[in-house]
Number of protein chains: 2
Amino acid sequence: MEFSSKLLERAVNEMSQLPGIGKRTALRLVLHLLKQPKEQTNGLADALQTMRSDIKFCRSCNNISDVELCEICSSSNRDETLVCVVEDIRDVMAIENTSSFKGLYHVLGGKISPMDGIGPHDLNIEPLIKKVKEGTIKELIFALSSTMEGDTTNFYIYKQIQEYNINMSTIARGISVGDELEYADEITLARSILNRVPFESSLKT
Amino acid sequence: MEFSSKLLERAVNEMSQLPGIGKRTALRLVLHLLKQPKEQTNGLADALQTMRSDIKFCRSCNNISDVELCEICSSSNRDETLVCVVEDIRDVMAIENTSSFKGLYHVLGGKISPMDGIGPHDLNIEPLIKKVKEGTIKELIFALSSTMEGDTTNFYIYKQIQEYNINMSTIARGISVGDELEYADEITLARSILNRVPFESSLKT
């Protein structure tokens, strides 16, 4: 792509560094900004910069927060003996949306993935093990995605803390509510049969 | 979507004002920036702001440029009697890529579209008519997309300048090079037959 303006070219190049945004999309977005009032561009730029420089991570759960200790960790209505291990803030938001979980979270910030050069020490695993050692946690729920990386991360944490006497569980895998059996993959269907639940308990939710 | 951080929420909201970027995509992009060094966010923000405040539009053709008179308009190798009317800078870039056009451009900045509230006076049409009146232009090539809006814009300009003695043409519509006839729409195919070219001249390119 040849640009008639260096300013435009630089903006497009910076924009196209975002994941999933190619040069053409970047050009479309940048030209859109040019057609809008200056305030929109300034607002976007300022919001991104302020966020990047001022954002904090909760010192307990590592979730994104505006304060030292996030709202969930500092709440007195939460069961601090129950901790859900998730990959990132999106998972916290998804679980919070269900209003069904009243424990705390622990955000790892990723999954162990040797292919991408991410080892256990690049993640927020050490503080979790420390928390387990301190003895307040009674149950740990692994809620990572069931990929090779997710399973590896679960297993790594499990090995580190198996000597301590806490319960460890993973979220249930099964057929999504509303899905047709015939379209489900075999592994999910097999797991949903293996881990069947008593009919009475399925009536509760 | 409920956010654990106002800073994050604001960044996501600003980002999701861009066309084709929803809240989820915006969150993904913003979280990506959080994982990258601060310099990337600052670079993006600065590039956007500098572009928005410092960018110029060529006073002759209205194309985006860093200088008063763009490179194409100020070039002595260009035929200033031949002017190609296009919608925006992307069309200029596309035509320049072919290296087949040696005239100048005139960038309208859009198409007449009553549905979107865009009339002739919102576009850069007046300066084009002025240029035609001055008498340097011998041929005008309309290269707008062949939609209702494009055709309306072409016709509006045509009516304004038909009294002046200049040639007006539109780019050829036909089957794309490499395309199969059977998949072409009827209008395109019909036009390509109506506007057939002598076989010898098709050998040249």
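Keep in mind that this is a model prediction, so the values were computed, not measured.

Mapped onto the present numbering, the UniProt feature "domain: Toprim" (unreviewed entry) falls at residues 81-176 of chain A. The distance from the first to the last C-alpha atom of residues 81-176 of chain A is 28 Å, and the span holds 34% helix and 20% strand.

Another point: the UniProt feature "zinc finger region: C4-type" (unreviewed entry) in chain A. On the UniProt side, "zinc finger region: C4-type" (unreviewed entry) is annotated at positions that read residues 58-73 of chain A here. Along residues 58-73 of chain A, the helical share is 19% and the strand share 12%, with 8 Å between the first and last C-alpha atoms.

Our next topic: the sheet that holds strand β5 (residues 139-142) of chain A. Residues and elements named next belong to chain A. Here we have four strands laid out as an open sheet, ordered β4-β3-β5-β6, and parallel in their pairing. The open sheet has two edge strands with one neighbour each: β4 (103-107) and β6 (167-170). Shown here is a sheet whose adjacent strand axes are inclined to one another by a mean of 25 degrees, direction ignored. The pairing of strand β3 (residues 79-86) with β4 spans five bridges and is classified as parallel. Its bridge partner being in β4, V83 is matched across the sheet by L104.

Approximately 710 Å³ is the volume found for the largest pocket. Together, 25 residues line the largest pocket, and M93(A), E96(A), E2(B), F3(B) and S4(B) are the ones closest to its centre. For the lining of the largest pocket, the elements supplying multiple residues, two or more each, are α4 (71-74) and α5 (89-98) of chain A together with α1 (6-15) and α2 (23-35) of chain B. When residues of the lining of the largest pocket are assigned to their parent elements, the largest contribution, six residues, is made by α5(A). Across the lining of the largest pocket, the residue classes tally to nine nonpolar, seven polar and nine charged.

Let us look at the interface of chain B and chain A. The partner chain A presents 53 residues to the 53 residues of chain B that form the contact. Counting the surface lost from both chain B and chain A, the interface buries some 5200 Å², and carbon and sulfur atoms represent 68% of this. When the buried surface of chain B facing chain A is broken down by residue, L7(B), L34(B) and R52(B) rank first, second and third, together holding 13% of it. Linking chain B with chain A are two salt bridges, by the criterion used here. With a closest N to O distance of 2.8 Å, R10(B) and D46(A) form a salt bridge. On inspection of chain B and its partner chain A, the count reaches 18 residue pairs in polar contact (both at pLDDT 80 or more). Where the side of chain B that touches chain A is concerned, the elements lending two or more residues are α1, α2, α3 (38-54), β2 (64-65) and α5 (89-98) of chain B. In terms of residue count, the dominant contributor to the side of chain B that touches chain A is α3(B) (16 residues). In terms of residue class, the side of chain B that touches chain A is made up of 25 nonpolar, 15 polar and 13 charged.

On to the relation of the copies chain B and chain A, then. Here the second copy of the chain follows from the first by a rotation about an axis and a shift along it. Of the transformation placing chain B onto chain A, the axial shift is 0.0 Å and the rotation is 180 degrees, giving an RMSD of 0.1 Å. The two molecules are tied by a two-fold rotation axis, judged by turn and shift. In terms of C-alpha distance to the rotation axis, chain B has A45(B) as its closest residue, with the C-alpha 2.1 Å off the axis. Interface residue correspondence from chain B to chain A reaches 100%, placing this contact among same-surface, isologous pairings.

The next thing to look at is the nonpolar core. Membership of the largest hydrophobic core comes to 44 residues, with the highest contact counts inside it found for L8(A), M15(A), L8(B) and M15(B). Counting only elements with at least two residues in this core, the list comes to α1 (6-15), α2 (23-35), α3 (38-54) and α5 of chain A together with α1, α2, α3 and α5 of chain B. Here M15(B) is in contact with L18(A), L44(A), L48(A), I21(B), A26(B), L29(B) and V30(B), once residues within four sequence places are set aside.

This part takes up the pairing of strand β6 (residues 167-170) of chain B. Two faces belong to every sheet, and in a regular strand the side chains alternate between them. Residues and elements named next belong to chain B. Pairing between strand β5 (residues 139-142) and β6: four bridges, direction parallel. Within β6, the residue paired with E139 across the bridge is N167. Between the parallel elements β5 and β6, the chain passes through helix α7 (residues 148-161) in a crossover that is right-handed.

Where α2(A) meets α5(B), the closest approach of the two axes is 11 Å, and the angle between their N-to-C directions is 140 degrees. In contact with L27(A), R28(A) and L31(A) of α2(A), α5(B) contributes I89(B), R90(B) and M93(B). A class-by-class count of the residues in the contact of α2(A) with α5(B) yields four nonpolar, no polar and two charged.

Calculation criteria
Per chain, residues are indexed from 1 in the order of the written sequence. Note on labels: chains are lettered from A, ligands numbered from 1, in written order. With the structure being a predicted model, the display of local features is reserved for residues of pLDDT at least 70 and the display and counting of side-chain atom pairs for 80 or more, all residues being used for whole-chain, interface and lining totals. Note: side-chain values were computed over all heavy atoms of the structure, leaving out hydrogens and water. UniProt positions are given in the numbering used here, feature names are shortened, and annotations may be inferred rather than shown by experiment. The numbering of helices and of strands both runs from the N terminus, where a helix is a DSSP run of H or I of at least 4 residues and a strand a run of E of at least 2. At least two DSSP bridges between two strands are needed for those strands to be called paired. Every axis corresponds to a line fitted to the C-alpha atoms, with the helix fit spanning only the stretch in contact, and the corresponding angles, defined between N-to-C directions, vary from 0 to 180 degrees. The distinction between a cavity and a pocket rests on a 1 Å grid over the protein atoms alone: a 1.4 Å probe fits inside a cavity but cannot get out, while a pocket stays open yet meets protein on both sides within 12 Å along at least five of seven lines, and a residue with an atom within 4 Å of a point counts as lining. Grid points are joined across faces, edges and corners, and a volume is the space filled by probe spheres set on the points. Charged residues are taken to be Asp, Glu, Lys and Arg, nonpolar residues to be Ala, Val, Leu, Ile, Met, Phe, Trp, Tyr, Cys and Pro, and polar residues to be all remaining types, Gly included. Any two residues having at least one pair of non-hydrogen atoms within 4.5 Å are treated as being in contact. By buried area we mean the combined loss of accessible area, with a 1.4 Å probe, across both parts when two parts are placed together. Salt bridge, as used here, is a side-chain nitrogen of Lys or Arg placed within 4 Å of a carboxyl oxygen of Asp or Glu. Any pair of nitrogen or oxygen atoms within 3.5 Å is treated as a polar contact; in protein, a donor-acceptor pairing is required on top of that, and neighbouring residues in sequence qualify only through side-chain atoms on both sides. In superposing the copies, a least-squares fit is computed on C-alpha atoms, taking residues whose pLDDT is at least 70 in both. Throughout, nonpolar core names a set of buried Ala, Val, Leu, Ile, Met, Phe, Trp, Tyr and Cys residues whose side chains join them through atoms within 4.5 Å. A simple rule labels every residue: compare its accessible area, found with a 1.4 Å probe on the protein chains alone, to the largest value its type can have, and call it buried under 20%, exposed over 50%, or partly exposed in between. Look down the strands so they point away from you; if the path from the first strand over the helix to the second goes clockwise, the crossover is right-handed.

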